[in-house]
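# Architecture at a glance
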Amino acid sequence: MTDPAVDAARPPTGPAPRGLDLDRLATHLATHRPDLAGPLSARLIAGGKSNLTYLLRAGDREVVLRRPPLGHVLATAHDMAREHRVISALAPTGVPVPEALLLCPDDSVIGAPFYLMAKVDGEVYRRREQTDALTADQRRDLAMAMMDTLATLHRVEPAEVGLADFGRPEGYLARQVRRWAGQLDRSRSRPLPGIDELRDALAGSVPEGANAGRIVHGDYRLDNLLATVDPVAVRAVLDWEMATLGDPLADLGLLLTYWEVLGDSDQAEGNPVADGIGPRAGFPTGAELIERYAGRSDVDVGPLHWHVALGCFKLAVICEGIHYRHTLGQTLGEGFDRIGEMVAPLVAHGLHAVREK
């Protein structure tokens, strides 16, 4: 859960933001990307709720740098090499991604592995004041473009873009439950009623996963897209830290969790990951999104209730991890004080969804 929005009107200024050593970075770039060598300036792009995103200026050029969060980094959850690999692989496909410029796995440069990608013009639509400014047609077209892009991603054959070994599709859904259960155990800092019951219910009812083997984004939602509305288009899909090979219904289930579980909840107003999306904000319903996707994909959407329950569990664990980092003072940016409020409604809806027949 990141906030990769780039405000082109505000260039990077002032001292190096926390999490970057600009002197060491400049030395590294002088060797590995001399076209970006020279005095550097940077600013943290608003949010940074998981991996941190910076707008970096090198002379007259601006690029984007991604690195893991500060402290309490969960194993496998912030792999820069995976992000860099998948956007590099998808570059020649119809999936819009930023150009990958440099991967640095050496944490001695800025204190963590990082990669650079090209800056893409567009806007991240998240806040209610942004989406309220759109016309009804623009909101609908933007939502449909979001679904068309997801269908395009799920049609890409992994082997054809060098991603045949990017994950293990067999047993993907069962591993997802185990993985997020493990992440939960490493992020617990307070009582979380019902979350263990949700975990056990998911583990005891894993579907077969007939669609397994597709490229899965892992956190696909409106505010992980850079888009324009004149004309309406998705310019880039961002935040690939959880990408793998698996069941594309996991992407749909999580998207519906954001869209209708959070977007239609009392916690949505003013919340940094739920405000401004879903039917409550004037967008099409989740059913309309799925209908659009199904018309452009060969994936059998089938009953999605289990995948929505998984989305609720996964997002509850992510929110709890962010809440935990916030209590430790390890988050940068604003909007973290309310993240923890979303865990309880997510657990409640997940329990309801997993019990559906």
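As the structure is a computational prediction, the values presented were derived from the model and not from experiment.

On to the overall build of the protein, then. Counting its regular elements, the protein contains 10 helices and 9 strands. Scored against the burial criterion, the 357 residues of the protein give a buried share of 58%. The contacts in the protein between residues at least 6 apart in sequence include a share of 75% that link residues at least 24 apart. Entry remark: accessible area of the protein is about 14,000 Å², with carbon and sulfur atoms responsible for 49%.

Attention now moves to the pattern of salt bridges. Inspection of every chain in the model, using the stated rule, returns 22 salt bridges. Between Asp132 and Arg128 there is a salt bridge, with its nearest N and O atoms 2.9 Å apart. In this pair, Asp132 and Arg128 are both assigned in helix 3 (residues 128-132), 4 residues apart and thus about one turn of the helix distant. Owing to a relative accessible area of 46%, Asp132 belongs among the partly exposed residues under this scheme.

Let's shift gears to the pairing of strand 7 (residues 225-229). Of all 5 residues in strand 7, 5 are buried; the element is thus mostly enclosed. What you see with strand 7 is no split at all: Leu225, Ala227 and Val229 on one side and Leu226 and Thr228 on the other are buried throughout. With 5 bridges connecting them, strand 7 and strand 8 (residues 232-237) associate as antiparallel partners. Bridge pairing in strand 8 places Leu226 opposite Ala236. With antiparallel pairing between neighbouring strands as the criterion, strand 7 and strand 8 make up a hairpin whose turn holds 2 residues.

What follows concerns the environment of Asp251. With respect to the element layout, Asp251 can be found in helix 7 (residues 249-262). Sequence-distant contacts of Asp251, that is, excluding residues within four places in its chain, are made with Leu150, Leu153, His154, Val216, His217, Gly218, Asp219 and Tyr220.

Turning our attention to helix 9 (residues 305-327). The first and last C-alpha atoms of helix 9 sit 33 Å apart over 23 residues, in line with the 33 Å expected at 1.5 Å per residue. Among the 23 residues in helix 9, 19 count as buried, and that is most of the element. Following helix 9 by one or two positions, Gly329 adopts a phi angle in the positive range, close to 75°.

Glancing now at unusual backbone geometry. Omega for the bond connecting Asp230 with Pro231 falls within 30 degrees of zero, at 5°, which places this linkage in the cis form. Within the secondary structure, Pro231 sits in the loop between strand 7 and strand 8. Unusually for a residue other than glycine, Asp239 sits at a positive phi of about 60°. Residue classification places Asp239 among the buried residues on the basis of a relative accessible area of 4%.

Here Ala81 lies in helix 2 (residues 80-90). Taking C-alpha positions, Ala81 is 8.2 Å from Pro113, a pair spaced 32 residues apart along the chain.

This brings us to the packing of aromatic side chains. Summed over all chains, the structure comprises 1 aromatic pair. A cation over a ring is seen here: Arg82 above Phe166, with NZ or CZ 3.9 Å from the ring centre.

This part covers the packing of helix 5 (residues 172-187) against helix 9. Taken N-terminus to C-terminus, the directions of helix 5 and helix 9 make an angle of 25°; their axes are 9 Å apart at the nearest point. By the angle between their axes, helix 5 is roughly parallel relative to helix 9. Like other packed secondary-structure pairs, helix 5 and helix 9 cross with a definite hand, here left-handed. Contact residues: helix 5 offers Leu173, Gln176, Val177, Trp180, Ala181, Gln183, Leu184, Arg186 and Ser187, while helix 9 offers Trp306, His307, Leu310, Phe313, Lys314, Val317, Ile318, Glu320, Gly321 and Tyr324.

Thresholds, definitions, all that
Residues numbered from 1 in each chain as written. Predicted model: local features only at pLDDT ≥ 70, side-chain atom pairs only at ≥ 80, totals over all residues. Heavy atoms only, no water. Helix = DSSP H or I, 4+ residues; strand = E, 2+ residues; numbered from the N terminus. Buried < 20%, exposed > 50% of the residue type's maximum accessible area, 1.4 Å probe, protein only. Contact = heavy atoms within 4.5 Å. Areas by Shrake-Rupley, 256 points an atom, 1.4 Å probe, with all protein chains shown as cover. Salt bridge = Lys/Arg side-chain N within 4 Å of Asp/Glu carboxyl O. Pairing = 2+ DSSP bridges. Expected span 1.5 Å × (residues − 1). Phe/Tyr/Trp six-rings, centres within 6.5 Å; stacked < 30°, edge-to-face > 60°. Lys NZ or Arg CZ within 6 Å of the ring centre and 35° of its normal. Axes fitted to C-alpha atoms, helices over the stretch in contact; angles between N-to-C directions. Parallel < 35°, antiparallel > 145°, perpendicular 65-115°, else oblique. Left-handed = near helix turned anticlockwise from the far one by under 90°.

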